[in-house]
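# Fold and contact review
These are the residues of each chain, in order.
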Amino acid sequence: MTPSAGPATEERVPRWRPAGRAAQLRVLTARQIRLVYADRRVVLFSVAQPVVMLLLISQVFGSLADRSILPRGVSYIEFLLPALLVTTGIGTSQSAGVGLVRDMEGGMVRRFRVLPLSLPMVLVARSIADLTRSGMQLLVLVVAGHLLFGYRAGGGAVGLVAALALSTVVIWSLIWIFIALAAWLRKVEVLSSIGFFVSFPLMFASSAFVPVDVLPGWLAAVATVNPVSHAVEASRSLALGGQVGSEVTAALCAALGLMAAMTVLAARAVRRPPDE
Amino acid sequence: MAVDQVIRATGLRKRFGAVQALDGVDLTVARGEIMGLLGHNGAGKTTLVNVLSTLTPPTSGTASVAGFDVAGRPDEVRRRIGVTGQFAALDEELSGHDNLVLVARLCGASKAQAAGRADELLEAFGLRAAAGRRAATYSGGMRRRLDLALGLVGRPDVLFLDEPSVGLDLPSRLGLWERVQGLARDGTAVLLTTQYLEEADRLADRITVLGAGRVLASGTAVELKARAGSGSISLRVGPQGDRTVAAEALGRAGFPSDVDDGRGELTVPAGDSADLAVVIRVLDAVGQNVTEIRYAEPSLDDVYLAFTATAPDAPAPAAAALDRPPAPAPARAAPRITLPEAERRTGDTPETP
């Protein structure tokens with residue numbers, strides 16, 4: 001065959017038009033969900049994790065917590081569970097980040113870079129897949145709270161569902177923090193060590209486990225500006241019922257603002273060539 | 001598309017911090033041509049492939065692949081290329097079939113088209129029986145075949161093969177080579193990077209030797225060998241023979257020889273295989289009975305050394321950089337009398353312009 005000869009037999013088949021973004025996202029999300037749930041053991045343990053948190057924290061802190069420091073008429077489990085709905089997402093987000101780095105190191109994401117597709121869609125797919133796992137964790141947490149401690153949301157079903165919905169949005173934004181970190185850092189070791197410095201203060205320097213007013217002054221100051229505190233307060237007020245104030249608006253604004261910033265950063269980071 | 005030169009690069013430069021990875025590379029590859037890119041680690045092979053496959057933009061210079069500028073229209077380039085490398089880029093947890101379907105769907109195929117294309121490729125790459133198994137369970141050779149198949153899902157005009165045989169056993173490597181040759185026959189241009197000289201010799205229509213980010217030499221294997229110098233004749237004389245006498249006689253006849261007493265061999269430089277007869281006659285005349293004799297062309301080893309040694313800043317041609325593939329026998333160790341290599345690639349390889 002000479003170079004000027006026509007295309008080979010195979011190439012007479014018309015070339016496909018690259019998938020549109022929506023189609024890319026569908027295909028990529030389906031892939032990512034399969035991968036996130038590929039190993040049953042990982043799923044089992046990650047779903048069981050918040051239950052362990054619930055058991056330990058309710059017993060360790062609950063035994064110390066003086067009823068008088070809690071809002072009037074609220075048990076520690078009522079105080080804690082809505083907070084766990086939010087803080088559970090921190091661990092999940094970190095593992096989403098680690099998963100993304102692994103994915104980017106070898107594997108398919110290397111190939112995605114030379115396919116005609118939008119790389120940020122890979123990240124969106126990842127965030128959605130991990131969010132579904134978080135959703136399962138939240139449901140398990142509520143059921144465990146009910147079965148083990150007779151938890152009932154003061155705000156009733158509506159309040160509980162609202163708290164779950166708000167937590168889901170907050171967790172989505174937390175996932176994006178770690179996706180952006182992962183896309184920038186691209187090393188599991190670096191991500192895990194930095195992840196600790198991000199996740200522990202987010203979780204503990206907050207109003208999640210004790211009310212802010214009992215914290216030492218400096219920590220109370222940190223906890224007040226911690227976006228997780230706002231989310232926890234919002235989730236708690238929804239679940240407890242009664243007056244729902246500005247906490248919810250504040251939490252949603254913080255989450256959506258954070259998510260917007262992180263998606264921009266992550267999209268820039270993931271487009272960076274692999275060797276630079 | 002009426003582009004004959006499906007890869008056309010001019011003055012490509014790429015700098016990473018203090019490292020000038022590419023320092024003005026020109027390269028053209030025609031439809032249906034296999035271009036071998038040969039060089040040490042760090043010579044710039046992978047960077048060149050990364051630039052041409054739109055993974056990383058050049059610092060300066062231009063390149064078009066399949067008719068589109070790599071920096072300006074990367075998405076059009078990506079529709080027309082396939083990339084496969086030393087690290088199999090696939091989803092371990094998905095089956096071979098599902099890996100292929102995934103890539104086809106992302107390339108824009110409908111579900112039915114994707115399934116059809118997956119089956120075609122599984123068949124063509126001998127993976128039908130393993131189609132439903134997780135890729136994690138595949139052997140090294142199967143993974144590499146799947147990786148190559150994944151690179152071909154979109155029916156690329158240009159295929160980039162980055163060190164495709166690293167870590168493959170001999171049968172897998174031979175199988176891979178056959179497939180690559182088949183693709184080129186069907187019109188796909190192939191850019192193959194390798195450190196294995198034998199691989200470049202076997203597969204490539206033309207070879208470009210890179211060193212320190214520059215093109216040191218380029219041409220067919222035969223041309224490069226010719227430029228690298230002469231071949232050699234190695235021989236043994238019979239038990240009654242005397243290597244010293246033989247060496248003196250050869251020296252008088254214009255064949256300065258190296259005597260290797262350890263191996264009991266004499267080696268003389270030779271222009272071509274016609275010198276075999278001359279050497280035998282010279283030795284016969286002084287009563288030396290030749291029991292073994294063979295002619296060896298300059299190998300690509302020699303080519304490689306000849307060109308890379310002249311590269312500024314080129315690392316010393318250390319053993320590591322000259323690794324041969326672990327298993328296959330090099331051409332030199334072959335039969336007792338090796339005639340000059342006939343055209344190994346016969347048939348319909350395209351004329352290189």
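Let me sum up the structure you'll find in this document. This one's a predicted model, so the numbers in the text were calculated from it and none came from an experiment.

Residues and elements named next belong to chain B. In terms of burial, strand E8 (residues 189-194) is largely enclosed, as six of its six residues are buried. Here E8 shows two buried faces, one formed by Ala189, Leu191 and Thr193 and the other by Val190, Leu192 and Thr194. When strand E3 (residues 34-38) meets E8, the two strands line up parallel, connected through five bridges. Bridge pairing in E8 places Leu37 opposite Thr193. Direction of pairing for strand E7 (residues 158-162) relative to E8: parallel, over a ladder of five bridges. Note that in E8 the partner of Val158 across the bridge is Ala189. The handedness of the E7 to E8 crossover, carried by helix H6 (residues 170-185), is right-handed.

Glancing now at the sheet that holds strand E13 (residues 265-270) of chain B. Residue and element names in this part refer to chain B. If you trace the four strands from one edge of the open sheet to the other, you get E12-E13-E11-E14, paired in antiparallel fashion. The open sheet terminates on both sides in strands that have one partner only, identified here as strand E12 (258-260) and strand E14 (290-296). Each neighbouring strand pair of the sheet contributes to a mean axis angle of 20 degrees, computed without reference to strand direction. As paired strands, strand E11 (residues 231-237) and E14 are joined by six bridges and run antiparallel to one another. The partner of Ile233 across the bridge, within E14, is Tyr295.

In this section: the nonpolar core. Judged by nonpolar contacts, the single largest core of 128 residues is most densely connected at Phe112 of chain A together with Leu100 of chain B. Excluding residues that lie within four positions of it along the chain, Leu100 of chain B makes contacts with Ala118, Leu121, Leu122, Leu146, Ala149, Leu150 and Val153 of chain B. By size, the runner-up hydrophobic cluster in this structure holds 30 residues, among which are Leu22, Val51, Ala63 and Leu210 of chain B.

What counts and what doesn't
Per chain, residues are indexed from 1 in the order of the written sequence. To read the labels, note that chains go from A and ligands from 1, taken in the order they are written. Local features in this predicted model are restricted to residues of pLDDT 70 or higher, and side-chain atom pairs are both shown and tallied only at a pLDDT of 80 or more, whereas totals for entire chains, interfaces and linings draw on every residue. The side-chain figures draw on all heavy atoms in the structure; neither hydrogens nor water molecules are used. For every residue, the accessible area obtained with a 1.4 Å probe (protein chains only) is divided by the maximum for its type, and the residue is called buried under 20%, exposed over 50%, and partly exposed between those limits. Helix and strand definitions follow DSSP, with helices as H or I runs of at least four residues and strands as E runs of at least two, each counted in order from the N terminus. When DSSP locates at least two bridges between a pair of strands, those strands are taken to pair. By convention, a crossover is right-handed whenever its connection, traced from the first strand over the helix to the second and viewed with the strands pointing away, goes clockwise. A fitted line through C-alpha atoms serves as each axis, taken over the contacting stretch for helices, and the angle formed by two N-to-C directions is quoted from 0 to 180°. For our purposes a nonpolar core is just a set of buried Ala, Val, Leu, Ile, Met, Phe, Trp, Tyr and Cys residues, chained together by side-chain atoms within 4.5 Å. Between two residues, a contact is recorded if the distance between any of their heavy atoms is within 4.5 Å.

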